[in-house]
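Observations on the model geometry
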Amino acid sequence: MNTQNFYTKSGIICPRLGVGCFAYGDTPNQWGPIADKEAVSIMLELYKRGLRVFDTADIYGFHKQYAGDPERDGFGESEKRLGQVIKEVGRENLFIATKGGRYRGFSEAGNFSQKPHERNFDPAYIREAFEKSCERLGTEYIDLYQLHGPQLKTEEQKEQALAALQVLIELQCEPGPQKLRYVGVSVNNISEAAWYLRFEMGGKGPDVIQMPYNMFQHKDAKLVFEMARDRDVALIAREPLAKGFLAGPRGKYTHDAWTSSTAFPGTLQKYLKRIARGLGHDPKQEESLEVAYHHLVDHVEKIVYILSTYDEDCDELEYNTLTQCALRFALTPDEITAVIPSISKPQHIDDCLGALRSYNHEEGDVGLHPFEFGALEDILFAKDADD
């Protein structure tokens, strides 16, 4: 059964649809920038509409006036804005997830994605980052704290990631009022999720793994699902809308829209590089990014065609935007505990929440309708459709 809610040890019953708070800082990106009042207003509206899971990070959000100020590094504005929501609705009513382990210097424009992120998973730094996140959020405890994308390319990096995880596990187990309820790691791809699921540290590994999972990125997911189920590890799916490629009623990107990769925001450029690499092309070459772009648009057009067909032919499918289909794809596996799209504009709220309407109200199924899944299967699981 694919239920609409999940139950946490904190006693909160949460809809499986949450929200990623990357866009709620003041950082120029493909979603914004979003002003302080607007960001808080959107989050409050999402709360009123039933969402309880908010996922942020200490690096999300930038205020240019603090550039170079040693006392205020300028980041963490998303956490601070979420802190305003906590004050408004009450800490006990929210499931708060955040992350640490990344930092960076300022570019002149303050763009989040213009420079590579520095990583610091030194145990002492992670403990300090956790305490600072608590301060910015205005809370004495955090439901889920995650290492933010440790690289696993070398043995040294792997050892450092495990040491940082151990610090969080020790923090979780400290006597007295609990400061940390769940320990997690936000990984860069599904293969890294499998790596974390293969080890245990004194019988204790991460409680939660957050990973990219969408119609374009699902290779090896079945293996991860099996391992997570066997180890009782929760999975959070991020980027369910594939950086906007799967957003909107019928998609927002077209073949004609391509001019060059530099015409797109930095976060989208990074995504095209990831897809190009998965297709076997050199992500440093402009022509490779163009191939990746048209590859994604081709698949979106096929998906939209099928959705349009089933809108007409299947009476059971009363709602069928591309956004909802993409979210319901991510919600289909029972092993996915929560799905966290970015919802950056008030007019997008209804579309995203429409994904929670069940096609089988008695059973509570909120994933893809079997007709949809069967029709989309050839596209979604074609050999070249994944990264």
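Summary of the structure given here.

About the criteria used
Residues numbered from 1 in each chain as written. Predicted model: local features only at pLDDT ≥ 70, side-chain atom pairs only at ≥ 80, totals over all residues. Heavy atoms only, no water. Helix = DSSP H or I, 4+ residues; strand = E, 2+ residues; numbered from the N terminus. Buried < 20%, exposed > 50% of the residue type's maximum accessible area, 1.4 Å probe, protein only. Contact = heavy atoms within 4.5 Å. Areas by Shrake-Rupley, 256 points an atom, 1.4 Å probe, with all protein chains shown as cover. Polar contact = N/O pair within 3.5 Å; in protein donor to acceptor, adjacent residues only side chain to side chain. Core = buried A, V, L, I, M, F, W, Y, C linked by side-chain atoms within 4.5 Å. Phe/Tyr/Trp six-rings, centres within 6.5 Å; stacked < 30°, edge-to-face > 60°. Lys NZ or Arg CZ within 6 Å of the ring centre and 35° of its normal.

1. Observations concerning the overall build of the protein chain
Along the protein chain, the regular secondary structure elements total 11 helices and 12 strands. Across the 387 residues in the protein chain, those meeting the buried criterion constitute 57%. In the protein chain, the share of contacts with a sequence separation of at least 24, taken over all contacts with a separation of at least 6, comes to 72%. For the protein chain, the computed accessible surface area is about 17100 Å², with 48% contributed by carbon and sulfur atoms.

2. What to know about unusual backbone geometry
At Asp-232, a position not held by glycine, the phi torsion is positive, near 55°. Its place among the elements puts Asp-232 in the loop between α6 (221-231) and β11 (234-238). The exposure class of Asp-232 is exposed, given its relative accessible area of 70%. Positive phi, normally seen in glycine, also occurs at Ala-242, with a value near 50°. In this structure, Ala-242 sits in the loop between β11 and α7 (266-278).

3. Digging into the side chain of His-218
Looking at the secondary structure, you find His-218 in the loop between β10 (208-212) and α6. Within polar-contact distance, the side chain of His-218 engages the backbone oxygen of Met-215 at 3.2 Å.

4. Let's talk about the environment of Glu-286
Residue position: Glu-286 is located in helix α8 (residues 286-313). Remark: the alpha-carbon pair of Glu-286 and Ser-260, spanning 26 residues in sequence, is separated by 7.6 Å. The contact partners of Glu-286, leaving out residues within four places of it in the chain, are Trp-258, Ser-260 and Ser-261.

5. Brief notes about α6
Where α6 is concerned, the buried positions are Ala-221, Val-224, Phe-225, Met-227 and Ala-228. Residues of α6 that are buried sit in contact with α5 (190-197), β10, β11 and β12 (336-340). Positive backbone phi, approximately 55°, marks Asp-232, located one or two places after α6.

6. A closer look at the nonpolar core
Tyr-24 and Phe-245 are the most contacted members of the largest nonpolar core, which has 103 residues in total. Per-element tally for this core: the top contributor is α8, with 10 residues. With residues near it in sequence (within four places) discarded, Phe-245 still touches Phe-216, Tyr-253, Leu-268, Tyr-271, Leu-272, Tyr-293, Leu-296, Val-297, Val-300 and Leu-322.

7. Examining the packing of aromatic side chains
Counted under the stated rule, the structure contains 13 aromatic pairs. Where Phe-95 meets Tyr-182, the ring centres are 5.9 Å apart and the plane angle is 40°; that geometry is what we call tilted. Taken together, the residues Phe-95 in strand β5 (residues 95-100) and Tyr-182 in strand β9 (residues 180-186) connect sequence positions 87 residues apart. Relative accessible area serves as the criterion here: at 5%, Phe-95 is assigned to the buried category. The exposure class assigned to Tyr-182 is buried, which follows from its relative accessible area of 10%. Ring centres of Phe-130 and Tyr-145 lie 5.2 Å apart, and the angle between their planes is 75°; on these two criteria the pair is classed as edge-to-face. Placement of Phe-130 in helix α3 (residues 123-137) and of Tyr-145 in strand β8 (residues 142-148) is noted, with a sequence separation of 15 residues between them. In terms of burial, Phe-130 and Tyr-145 fall into one category: buried. Among the aromatic residues, those joined into a ring-pair cluster are Phe-245, Tyr-253, Trp-258, Phe-264 and Tyr-293. The lysine or arginine in question, Arg-91, covers the ring of Tyr-141, its NZ or CZ lying 4.0 Å from the ring centre.

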